[in-house]
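A structural walkthrough
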Amino acid sequence: MSTSVLPGERPDRLEEECAVFGVFAPGEDVARMACFGLQALQHRGQESAGIAVGDGETVVAAKDLGLVTQVFDEATLAALEGFVAVGHARYSTSGGAASWEAAQPHISAIDDVLIALAHNGTLVNTSRLRARLVDEGVQFRSSTDSEVAAKAIGQETQATHHLRSGIRRVMEDLSGAYAMVLASPDSLYAFRDPNGIRPLCIGELPDGRGWAVSSETCGLDIVGARYVRDVAPGEIVRFNEEGMHAEQGVPAGRPAACIFEYVYFARPDSVIDGQSVYQARRNMGRILTQEAPVEADLVLGVPDSGVPPALGFAAESGIPYADGIVKNRYVGRTFIEPTQAMRQLGIRLKLNPLRSVIEGKRLVVIDDSIVRGNTSKKLVQMLRDAGATEVHLRIVSPEVRWPCFYGIDTDTRDQLIAANMTLDEMNAWIGSDSLAFISLAGLRAAVPDARCQGFCDACFTGDYPVEIPSSVAKKSFKTKKDFEEIYAEGDQ
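Residues numbered from 1 in each chain as written. Predicted model: local features only at pLDDT ≥ 70, side-chain atom pairs only at ≥ 80, totals over all residues. Heavy atoms only, no water.

Strand order in this open sheet of four strands is E18-E21-E22-E24, and the pairing throughout is parallel. A single partner strand is all that each edge strand has here, and the edge strands are strand E18 (298-301) and strand E24 (434-437). Between one strand axis and the next, the sheet turns by 20° as a mean value, whatever way the strands run. Pairing of strand E21 (residues 362-367) with strand E22 (residues 390-395) involves six bridges; the strand directions are parallel. Each residue of the ladder has a partner; that of Ile366, found in E22, is Arg394. Each of E18, E21 and E22 touches helix H13 (residues 374-385); the most contacted strand, E22, lies at about 145° to it. (Pairing = 2+ DSSP bridges. Helix = DSSP H or I, 4+ residues; strand = E, 2+ residues; numbered from the N terminus. Axes fitted to C-alpha atoms, helices over the stretch in contact; angles between N-to-C directions. Contact = heavy atoms within 4.5 Å.)

The structure is reproduced here in structure tokens:
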């Protein structure tokens, strides 16, 4: 969904955890470039931001809670001098609250040399690794899996005396989703989990001035870098004065790129694995028209991610598209607590209907997903209050039935509406005149240009590409039946 979250409320949508950005560019203001890259990726995380810079001798970092423009000003950027930088924008999942200690990049020491790590994704097996490091005397400032990875790389590099070997050893131990960028005093590293779950792409600056890596191509665009390719699953890529050097850190596994990047997470002007996100969303709307046609007067898209598929739905169905929902773009994640009276306004803090467009009309409303259903229920009522005679919901993702363990914030399964109600029950509870979701086959057909040969769709199917330890899964499965659907008897 495209609505903001009020303080104290659980999000009624899937939330991306983080954005990462890196740049190696001698002679350039790399801190400023990283800042611009993070601004382009701000949609992926709004709770904290940080940048670390290497100058050939050491690495220094600045980070804090807040948006990129709140954390960094001219004075802060001016103090970050160097030629290699990594940046991070964080959205904390339900497992970790926003704090300065959890903000990234995380710093680790290799003897007297510092490195800085930024991570997008979630690791599912860091408990034992963390315990081992604690036994070896390593101190932690946060409870994040990202800090465990950073400290582990530092320890392994001390043992191997080679940073790439240290990264490789840690990659062999890690399980889960990770797209990571790392800055040493003189080099930039980028590496990705063997399934390629979270995205990470490479760009080259004009005139051979350097390199950039980013969670999305929109981060490359803002600094003028030309998209070269994606970091391959299991690959380690190093950038330094000798140029770009790539090697396979761990063998590639089952391809499992997160398909929700195309549905909601990525900016529409990004290209993920060769597939235009905007065109994919148009395709979703077109396919959904074929799978779930309806008679109506207007097609509306819930801003922002629902607009491109709504245009596709309108073009395929012949029903006119209309801008019937206005988004307040200055109401984002906020630390200002609304009054109870304002809470009761619900999504009107973020979205407002255009009565002059909606009144007396039968509407097809296109949205990206339904998680708990609360926001959809409020949206339908809001449109009826504005005079809509019918509200037909069309969702461009399949039903979200399973929690994600790979870097997306989802509720426990008992709070996912599609895991607990039939389609007819959901439609009745939400109050829509009809409700339909795109099929999984339809969603896959909407991304024909993606070079990836496989996607992670575990939130729809429960088919997890990376094994989830039972100790981790139990936190999200509230009933024995849920747990046994994933774990065979005796594997608990």
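The next subject is the pairing of strand E10 (residues 201-204). Across four bridges, E10 lies against strand E11 (residues 211-214) in antiparallel orientation. Bridge pairing in E11 places Glu204 opposite Trp211. In sequence, E10 turns back onto E11 through a hairpin of six residues, with Asp207 there showing a positive phi of about 60°. Sheet topology note: the E10/strand E12 (residues 226-230) ladder contains four bridges and is antiparallel. Bridging across to E12, Glu204 finds its partner in Arg226.

When you tally the buried positions in strand E8 (residues 179-183), you get five out of five residues, the bulk of the element. Here E8 shows two buried faces, one formed by Ala179, Val181 and Ala183 and the other by Met180 and Leu182. For strand E7 (residues 113-120) and E8, the ladder comprises five bridges, and the chain directions are antiparallel. Residue pairing for E8: Ala116 is matched across the bridge by Ala183. Two elements, E8 and strand E9 (residues 188-192), share five bridges in a ladder whose sense is antiparallel. Residue pairing across strands places Val181 opposite Ala190, the latter belonging to E9. (Buried < 20%, exposed > 50% of the residue type's maximum accessible area, 1.4 Å probe, protein only.)

The next subject is empty space enclosed by the protein. If you walk through the whole model with that rule in mind, you get two cavities of 30 Å³ or more. Roughly 30 Å³ of internal volume is contained in the second largest cavity. For the lining of the second largest cavity, the class distribution of residues is five nonpolar, two polar and three charged. (1 Å grid on protein atoms, 1.4 Å probe; cavity = no way out; pocket = protein on both sides within 12 Å on 5 of 7 lines; lining within 4 Å. Points joined across faces, edges and corners; volume = space filled by probe spheres on them. Nonpolar A, V, L, I, M, F, W, Y, C, P; charged D, E, K, R; others polar.)

Another aspect to go through is the packing of helix H9 (residues 277-291) against helix H10 (residues 307-317). Where H9 contacts H10, the axes come no closer than 7 Å and their chain directions differ by 45°. Put simply, H9 runs oblique to H10. H9 and H10 meet at a crossing whose hand is right-handed. Mapping the contact onto sequence places Tyr278, Arg281, Arg282, Gly285, Arg286, Leu288, Thr289 and Gln290 in H9 and Pro308, Pro309, Leu311, Gly312, Phe313, Ala315, Glu316 and Ser317 in H10. (Parallel < 35°, antiparallel > 145°, perpendicular 65-115°, else oblique. Left-handed = near helix turned anticlockwise from the far one by under 90°.)

Turning next to the pattern of salt bridges. Close approach of charged atoms allows side chains of opposite charge to pair. Under the counting rule described, the total for this entry stands at 24 salt bridges. With its nearest N and O atoms 3.0 Å apart, the salt bridge here joins Glu204 to Arg226. With Glu204 in strand E10 and Arg226 in strand E12, this residue pair connects regions lying 22 residues apart in the sequence. Overlapping salt bridges, with partners in common, bring together Arg44, Arg198, Glu216 and Glu261 in one network. (Salt bridge = Lys/Arg side-chain N within 4 Å of Asp/Glu carboxyl O.)

The subject of this paragraph is the packing of aromatic side chains. Applying the stated criterion across every chain, the model contains eight aromatic pairs. Ring plane angle 40° and centroid distance 5.4 Å describe the contact between Phe260 and Phe265, whose orientation is recorded as tilted. Owing to a relative accessible area of 3%, Phe265 belongs among the buried residues under this scheme. Linked through ring pairs, Phe260, Tyr264, Phe265 and Phe460 together constitute an aromatic cluster. Geometry around Trp100 places Lys63 over its ring, the cationic atom sitting 4.8 Å from the centre. Across from the ring centre of Phe140, 4.3 Å away, lies the NZ or CZ of Arg130, which sits over that ring. (Phe/Tyr/Trp six-rings, centres within 6.5 Å; stacked < 30°, edge-to-face > 60°. Lys NZ or Arg CZ within 6 Å of the ring centre and 35° of its normal.)

According to UniProt, the positions carrying the feature "binding site: Mg(2+)" (unreviewed entry) are Ser305, Asp367 and Asp368. These annotated residues cover 64 residues of sequence, but their C-alpha atoms sit close together, with the largest distance between any two at 7.2 Å. Owing to a relative accessible area of 5%, Ser305 belongs among the buried residues under this scheme. You can see Asp368 is positioned in the loop between E21 and H13. For Asp368, a relative accessible area of 0% corresponds to the buried category. Separated by 2.8 Å, the side chains of Asp368 and Ser369 make a polar contact. (UniProt positions renumbered as here; feature names shortened; annotations may be inferred. Polar contact = N/O pair within 3.5 Å; in protein donor to acceptor, adjacent residues only side chain to side chain.)

Before going further, it helps to spend a moment on H13. With twelve residues, H13 extends 17 Å from end C-alpha to end C-alpha; this agrees with the ideal 16 Å at 1.5 Å per step. Taken together, the buried positions of H13 are occupied by Thr375, Ser376, Leu379, Val380, Met382 and Leu383. Across the axial projection of H13, the buried residues extend over an arc of 160°, all falling on one side. Residue Gly387 follows H13 closely and has a positive phi angle near 105°. (Expected span 1.5 Å × (residues − 1). Arc of directions from axis to C-beta.)

This paragraph deals with the sheet that holds strand E3 (residues 48-54). Taking strand neighbours across the sheet as the criterion, the seven strands line up as E4-E3-E5-E2-E11-E10-E12 in an open arrangement whose pairing is antiparallel. Strands with a single pairing partner mark the edges of an open sheet, and in this sheet they are strand E4 (59-65) and E12. Going from strand to strand, the sheet's axes swing by 15° on average, the running direction of each strand aside. Sheet analysis places strand E2 (residues 18-24) next to E11, joined by four bridges and oriented antiparallel. Considered in E11, the bridge of Phe21 is made with Ser214. Strands E2, E3 and strand E5 (84-90) of the sheet are contacted by helix H1 (residues 30-40), whose axis makes an angle of about 150° with E3.

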